[in-house]
Amino acid sequence: MNRSSPDSTTAPTREQDTRTLPADETRTATFGMGCFWGPDARFGAIEGIVRTRVGYAGGTTPNPSYHSLGDHTEVVQVEYDPDKLGYEDLLEVFWTNHDWASTAPKRQYRSVVLAADDDQLAAAERFRDGLEERAGRSVTTNLERLETFTRAEDYHQKYELRSTPVVGDELAARYGDAFVDSTVVARLNGFVAGHGDPSRREALMEGVDLTPTQRSELQRRF
Ligand code: MHO
């Protein structure tokens, strides 16, 4: 097994990440749609998504954690480039990729849009009404304003990539604190979960410095 040590000369992925938008030029969107591992990967694979993180929101209990969630829900929060994606595009991804017709057995997994502002809330209401019309049944999704977001524990962030043999540990070590906020890591996390098209996967892989073993471990999951 090839385990190269974390070393800045083998990390041009960082270089790529510095070309991504700073937080004051992105918009955020927050969704609850079941266990947050899946949506973290699904959104992370999309061009125009700059950063993803998973966490707890939609409740009032202070300092929620995975084992002490209180009345919160598992959510994914994305930062997106408003020149490349509209909020409606994200609503489309949200509503086409989970069960919005039945009520989740636990509040932890409820379907919820946590709007960042009144415009997002209005857009979600319009989208929901249109969906009900087209589908001919009611949407159980709650539409609310986001109050607080608490980032989940590191082991839940980019879970799909983290649990990829060889590469997960290596990239987590190489990136350190920057792992969760990396755009490249968000894409890889999506790609290993089977999202994204082959040409975009190839293009990203070109710019990432990986050992042959890591490369083949990633490709095995694409
Ligand atoms: N059924 C999943 C849920 C995890 S998710 C972070 C599991 O425990 O494996 O809620």
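A quick note: this is a predicted structure, and the numbers were derived from the prediction, not measured.

(A) The overall build of the protein chain, seen in detail. Within the protein chain, the secondary structure is distributed over nine helices and six strands. Expected size for 222 residues packed as a compact globule is a radius of gyration near 17 Å; at 18 Å, the protein chain falls within 12% of this value. On the principal axes, the C-alpha backbone points of the protein chain span a range of 50 × 35 × 35 Å. Taking all 222 residues of the protein chain together, 47% fall into the buried category. Partitioning the contacts of the protein chain with sequence separation of at least 6, the portion at a separation of at least 24 is 75%. For the protein chain, the accessible surface area stands at approximately 10,500 Å², while carbon and sulfur atoms represent 47% of it. For the protein chain, the distance from the average site of its 26 positive side-chain charges to the average site of its 37 negative ones is 3 Å.

(B) Structural detail: the UniProt feature "domain: Peptide methionine sulphoxide reductase MsrA" (unreviewed entry) in the protein chain. The UniProt record annotates "domain: Peptide methionine sulphoxide reductase MsrA" (unreviewed entry) at residues 28-161. Annotated as residues 28-161, this span is 29% helix and 26% strand, and its ends, taken at the C-alpha atoms, are 22 Å apart.

(C) Structural view of the UniProt feature "active site" (unreviewed entry) in the protein chain. Mapped onto the present numbering, the UniProt feature "active site" (unreviewed entry) falls at Cys35. Within the secondary structure, Cys35 is located in the loop between strand E1 (27-33) and helix H2 (37-44). Once you skip the residues sitting within four places of it in the chain, Cys35 turns out to touch Glu74 and Tyr109.

(D) Examining the site of the ligand more closely. Around the ligand sit Cys35, Phe36, Trp37, Tyr66, Glu74, Gln108, Tyr109 and His156, and those are all the residues in its vicinity. Side-chain polar atom of Glu74 to an oxygen atom of the ligand: 2.6 Å apart, as the coordinates give it. Isolated, the ligand exposes 310 Å² of accessible area, and the fraction of that covered by the protein chains is 59%. Among the residues forming the shell around the ligand, the class breakdown is five nonpolar, two polar and one charged.

(E) Fine view of the pairing of strand E3 (residues 73-80). The element E3 is extensively covered by neighbouring structure, given that eight of its eight residues are classed as buried. The two faces of E3 match: Thr73, Val75, Gln77 and Glu79 on one face and Glu74, Val76, Val78 and Tyr80 on the other face are all buried. With eight bridges joining them, strand E2 (residues 49-57) and E3 adopt antiparallel strand pairing. Bridged to Ala57 within E3 is Thr73.

(F) Focus on the packing of helix H7 (residues 183-192) against helix H8 (residues 198-206). Where H7 meets H8, the closest approach of the two axes is 11 Å, and the angle between their N-to-C directions is 140 degrees. With respect to H8, the axis of H7 lies oblique. As for how H7 packs across H8, the hand of that crossing is left-handed. Two secondary-structure elements touch here, H7 through Val184, Arg187, Leu188 and Phe191 and H8 through Arg200, Arg201, Leu204 and Met205. When grouped by side-chain class, the residues that make up the contact of H7 with H8 number five nonpolar, no polar and three charged.

(G) Representation of the side chain of Asp81 in the model. Checked against the element boundaries, Asp81 lands in the loop between E3 and helix H3 (87-96). No salt bridge forms around the buried Asp81; measuring N to O, its nearest opposite-charge neighbour Lys84 is 4.2 Å away. Those residues within four positions of Asp81 in sequence are excluded, and the remaining contacts are Leu21, Gly48 and Val50.

(H) Geometry of H8. The set of residues buried in H8 consists of Arg201, Leu204 and Met205. Buried residues of H8 fall within an arc of 100 degrees about the axis and therefore sit on the same side. Across from the buried face of H8, at angles greater than 90 degrees, the exposed residues are Ser199 and Glu206.

(I) Broad picture of the pairing of strand E5 (residues 142-145). Across four bridges, the pairing between strand E4 (residues 111-115) and E5 is parallel. What sits directly across from Val113, in E5, is Leu143. As a crossover connection, the stretch from E4 through helix H4 (residues 118-135) into E5 is right-handed.

(J) Main features of the pattern of salt bridges. Overall, the coordinates contain 13 salt bridges when judged by the stated rule. Of the charged contacts, one joins Arg126 and Glu88 as a salt bridge, the two residues approaching to 3.9 Å between their closest N and O atoms. Remark: Glu88 occurs in helix H3 and Arg126 occurs in helix H4; sequence separation between them is 38 residues. The exposure class of Glu88 is partly exposed, given its relative accessible area of 40%.

The rules behind the values
Residues numbered from 1 in each chain as written. Predicted model: local features only at pLDDT ≥ 70, side-chain atom pairs only at ≥ 80, totals over all residues. Heavy atoms only, no water. Helix = DSSP H or I, 4+ residues; strand = E, 2+ residues; numbered from the N terminus. Rg over C-alpha atoms; globule rule 2.2 N^0.38 Å. Buried < 20%, exposed > 50% of the residue type's maximum accessible area, 1.4 Å probe, protein only. Contact = heavy atoms within 4.5 Å. Areas by Shrake-Rupley, 256 points an atom, 1.4 Å probe, with all protein chains shown as cover. Lys, Arg positive; Asp, Glu negative; His and termini not counted. Charge placed at Lys NZ, Arg CZ, Asp CG, Glu CD. UniProt positions renumbered as here; feature names shortened; annotations may be inferred. Near = heavy atom within 4 Å. Polar contact = N/O pair within 3.5 Å; in protein donor to acceptor, adjacent residues only side chain to side chain. Nonpolar A, V, L, I, M, F, W, Y, C, P; charged D, E, K, R; others polar. Pairing = 2+ DSSP bridges. Axes fitted to C-alpha atoms, helices over the stretch in contact; angles between N-to-C directions. Parallel < 35°, antiparallel > 145°, perpendicular 65-115°, else oblique. Left-handed = near helix turned anticlockwise from the far one by under 90°. Salt bridge = Lys/Arg side-chain N within 4 Å of Asp/Glu carboxyl O. Arc of directions from axis to C-beta. Right-handed = clockwise from strand over helix to strand, strands pointing away.

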